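Remarks on the overall topology
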Amino acid sequence: MDSSNSLVLNFAFPYGLRGFHVYKDLWVPKLNEKLETIHEENNPHDRYAVAAIRKTVSRLRPVVVGHLPREISRFTRFIILHGATVKVKVSDTKYQDPHSFKAD
């Protein structure tokens, strides 16, 4: 524990952000960039939705750049609601546009 009596745990999950293609005009990922997360209480599509957000100089409010995968969002929401701070680290910057697929 550090001097502020907080416990820091690190977990790694091999998932990408959901919905990245929706936000690609707002954000270009940078390797090792850290993003904050928030539980989107009023998300009409997923009550467990956890958004990855990025603070920018040009906007007053952080912008959503994607959502955590459903496989881990329920757990993540639970620990956020119990006081945890969850951050996401960009470990890969490759993005394949799902609309660019070409069949042979």
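Residues numbered from 1 in each chain as written. Predicted model: local features only at pLDDT ≥ 70, side-chain atom pairs only at ≥ 80, totals over all residues. Heavy atoms only, no water.

It is worth spelling out the overall build of the chain at this point. A count of helical and extended segments in the chain gives 2 helices and 4 strands. Listing every helix and strand of the chain by position from the N terminus yields α-β-β-β-α-β. Sorting the 104 residues of the chain into buried and exposed places 31% on the buried side. In the chain, once contacts between residues fewer than 6 apart in sequence are set aside, the share between residues at least 24 apart is 56%. Just so you have it, the chain exposes about 8400 Å², and 53% of that area is on carbon and sulfur atoms. (Helix = DSSP H or I, 4+ residues; strand = E, 2+ residues; numbered from the N terminus. Buried < 20%, exposed > 50% of the residue type's maximum accessible area, 1.4 Å probe, protein only. Contact = heavy atoms within 4.5 Å. Areas by Shrake-Rupley, 256 points an atom, 1.4 Å probe, with all protein chains shown as cover.)

Let us now look at the pairing of strand β3 (residues 63-67). The buried fraction of β3 amounts to 5 of the 5 residues, a majority that puts the element mostly inside the structure. Sheet topology places strand β2 (residues 50-54) next to β3; 4 bridges connect them, and they run antiparallel. What sits directly across from Ala-52, in β3, is Gly-66. (Pairing = 2+ DSSP bridges.)

The strand order β3-β2-β1-β4 describes an open sheet built from 4 strands, whose pairing is antiparallel. Each edge of the sheet is formed by a strand with only one pairing partner; in this case those strands are β3 and β4 (87-89). Adjacent strand axes in the sheet meet at a mean angle of 40°, parallel and antiparallel pairs treated alike. (Axes fitted to C-alpha atoms, helices over the stretch in contact; angles between N-to-C directions.)

So, on to the nonpolar core. With 13 residues, the main nonpolar core has Trp-27, Leu-35, Val-65 and Leu-68 as its most contacted residues. Broken down by secondary-structure element, the contributors of at least two residues to this core are β2, β3 and α2 (70-81). Apart from residues no more than four positions distant in its own chain, Leu-68 is found in contact with Leu-17, Arg-18, Val-50, Ser-73, Thr-76 and Val-88. (Core = buried A, V, L, I, M, F, W, Y, C linked by side-chain atoms within 4.5 Å.)

Of note, Ile-79 is situated in helix α2. On the basis of relative accessible area, Ile-79 is assigned to the partly exposed category, the value being 24%. Those residues in contact with Ile-79, other than ones at most four positions away along the chain, are Ala-84 and Val-86.

Okay, the layout of surface pockets next. For the largest pocket, the calculated volume is near 1200 Å³. Lining the largest pocket we find 35 residues, and of these Phe-11, Val-86, Lys-87, Val-88 and Lys-89 sit closest to its centre. When residues of the lining of the largest pocket are traced back to their parent elements, those giving at least two are β1 (34-39), α2 and β4. Here the element with the most residues in the lining of the largest pocket is α2; it accounts for 4 residues. By residue class, the composition of the lining of the largest pocket is 23 nonpolar, 7 polar and 5 charged. (1 Å grid on protein atoms, 1.4 Å probe; cavity = no way out; pocket = protein on both sides within 12 Å on 5 of 7 lines; lining within 4 Å. Points joined across faces, edges and corners; volume = space filled by probe spheres on them. Nonpolar A, V, L, I, M, F, W, Y, C, P; charged D, E, K, R; others polar.)

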